[in-house]
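Structure assessment
For reference, the chains in residue letters:
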Amino acid sequence: MITDRALGPGSSRMLSRTFASLGIPGFRALWFGMLLLMAAVNIQMLARGYLAWELTKSPIAVVVVGAGFAPPILLLSLYGGAVADRVSRKKIIQFGQVGMLTIILTVGISISTGTITIYHLVAASVAQGTIWAFLMPARQAIIGQLVNEDQITNAVALNSSGMSLMTVAAPGIGGLIYGFAGPAVTYYVMAVLTAVALLLTGLVPGIAPVAHAKRRMWGDIKEGLVYTLHNRTVLVLLLVALSTALLAMPFRTLLPVQIEEVFNKEVEALGLLLSMVGVGALIGSLVIASLSKNNHRGWVLLITSMLSGVAIMLAAATTSYAVAVVIMVFIGLGDSGRRALNSSLIMEQTDEEHRGRVMGVYMMNFGLIPLGALPLGFIASSFDVRIAFGLAGAALLVSAIGYTALTDRVRKL
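Residues numbered from 1 in each chain as written. Predicted model: local features only at pLDDT ≥ 70, side-chain atom pairs only at ≥ 80, totals over all residues. Heavy atoms only, no water.

A word on the overall build of the protein
Rules: Counting from the N terminus, the helices are the DSSP runs of H or I reaching at least four residues and the strands are the DSSP runs of E reaching at least two. It is over C-alpha atoms that the radius of gyration is taken, and the globule rule equals 2.2 Å times the number of residues to the power 0.38. Three labels apply to residues, based on accessible area from a 1.4 Å probe with only protein chains included: buried if under 20% of the type maximum, exposed if over 50%, partly exposed otherwise in between. Two residues qualify as a contact provided that any one of their heavy atoms is within 4.5 Å of a heavy atom in the partner residue. To be clear on the numbers: accessible area is Shrake-Rupley with a 1.4 Å probe, and residue cover counts the displayed protein chains and nothing else.
Scanning the protein from N- to C-terminus turns up 19 helices and 0 strands. In terms of overall dimensions, the protein is globule-like: its C-alpha atoms have a radius of gyration of 20 Å, near the 22 Å expected for 413 residues. Projected onto the principal axes, the alpha-carbon positions of the protein cover approximately 50 × 50 × 40 Å. Per-residue burial over the protein gives 59% buried out of 413 residues. Across the protein, the fraction of contacts at a sequence separation of at least 24, relative to all contacts at a separation of at least 6, is 88%. Counting only carbon and sulfur atoms, one obtains 68% of the accessible surface of the protein, whose full area is about 16200 Å².

Okay, here's the thing in structure tokens:
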């Protein structure tokens, strides 16, 4: 039996600090609901991307489906952030989960009835992006209402570790379900996970909005933008997030192409690669959850960004699937800085009244993914997917080195 004495006082304190926020009932309910929703989302990423490839055999079509969620996020995230400061964040999350469930069931029924086309998948991606523009700012901002101010980094990192855990488990499971039972059953499994997530979110306490509707929505949006522009530390952190959204996220969108054209494998192999990304991200997120304000978190963020760039370049260079599996762990470690540390630092540097709107600006980064994904899709289609990966990795490394050299705002955090 392992005891605190066996672990040692230092290890016991670190373990306690790492999982501290889960001791709060409201955050715990949010966390478990998020866990199941992200399981569905990660299975969907695999299923939708692979189904798009099976329907079209076109890298460009795979990219369009994978990035279809981005335009509505770009257009609506500012509005979604303002809504998150004016409306109950719990209700926004619940409505978003109902919308996700509707989308998943619609695609599943289309597959079962043999009416599914690439246009269904594009429409589903766009609809999900519309929901995400409201759900994500609310979900991030509500964390600051459920935990104490000094627990925000821990709570956001635990939130990220849960997402990473599902990145580990869900794609592998989803790949097996898809391979043995087909895409329709895969979508119905997603629907069950989303429905249970909705029930768990009902256990989160209702918290009053932080801002009152004293003026038109555009006035709130404008105030949020002005606040963000004048908060220079937040602005630099948002630029760091932008570079990873443009250069690291499209890498995953094109993995189905690499699986078939470079490794000559099928959907189960794609599930393992995505799972290994999750292994690295889970390890990194748990380490970040244990960090205090004295642990040079800004340097950790910058180093993980550089690591992402180097790892993507290595993924571009290899033709060995076994080597790629190992490289995915390092890509996941790099992802943990973007997912956990970047968003938590932004929240720490933002006052409660503006968190929804600032997280709306943060979400816009994901709406810009097509600016990176579409050019990479054309490069993969015209030349080679490895060239596309190599260019993305090199650009990410250069941008991370640039942030490190040209400003000390992140380094001081």
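Concerning helix H17 (residues 355–367)
What counts here: Helix span, expected: 1.5 Å multiplied by one less than the number of residues in the helix.
The first and last C-alpha atoms of H17 sit 19 Å apart over 13 residues, in line with the 18 Å expected at 1.5 Å per residue. Among the 13 residues of H17, 12 are classified as buried, and the element is accordingly described as predominantly covered. Of the positions making up H17, those classed as buried are Arg355, Gly356, Arg357, Val358, Met359, Gly360, Val361, Tyr362, Met363, Asn365, Phe366 and Gly367.

Considering empty space enclosed by the protein
Our working rule: Both site types are read off a 1 Å grid over the protein atoms alone. A 1.4 Å probe that fits but cannot get out defines a cavity, while an open set with protein on both sides within 12 Å along at least five of seven lines defines a pocket; lining residues have an atom within 4 Å of a point. Grid points are joined across faces, edges and corners, and a volume is the space filled by probe spheres set on the points. Residue polarity is assigned by list, with Asp, Glu, Lys and Arg as charged and Ala, Val, Leu, Ile, Met, Phe, Trp, Tyr, Cys and Pro as nonpolar; anything else, Gly included, falls into the polar class.
Within the structure shown, the criterion is met by 4 cavities of 30 Å³ or more. Its volume calculated, the largest cavity comes out at about 730 Å³. If you go around the largest cavity, you meet 34 residues; those closest to its centre are Val41, Met45, Phe69, Met249 and Phe366. Looking at which element gives the most residues to the lining of the largest cavity, the answer is helix H3 (residues 25–56), with 7 residues. Along the lines of polarity and charge, the residues of the lining of the largest cavity split into 20 nonpolar, 9 polar and 5 charged.

A closer look at the confidence of the model for the protein
Applied cut-off: Think of pLDDT as the predictor's per-residue confidence, scored from 0 to 100.
Overall, the predicted model of the protein reaches an average pLDDT of 81, with 91% of residues at or above 70. For the protein, the element scoring lowest by mean pLDDT is helix H1 (residues 4–7), at 48; helix H9 (residues 183–201) scores highest, at 93. Note that pLDDT drops below 50 for residues 1–7; the model gives that stretch 5 contacts with residues more than four away or on any other chain.

So, the pattern of salt bridges
Spelled out, the test is: The salt bridge definition used is simple: a Lys or Arg side-chain nitrogen within 4 Å of an Asp or Glu carboxyl oxygen.
This model, assessed by the stated rule, comprises 3 salt bridges. One salt bridge in this structure joins Arg89 and Asp85, with 2.8 Å as the shortest N-O distance. Of the residues examined, Arg89 reaches a relative accessible area of 3% and is grouped as buried. A residue is classified by how much of its surface remains accessible, and Asp85, at 1% relative accessible area, is buried. A salt bridge links Arg386 to Asp384; the shortest N-O distance between them is 3.1 Å. Take Arg386: its relative accessible area is 31%, and that puts it in the partly exposed class.

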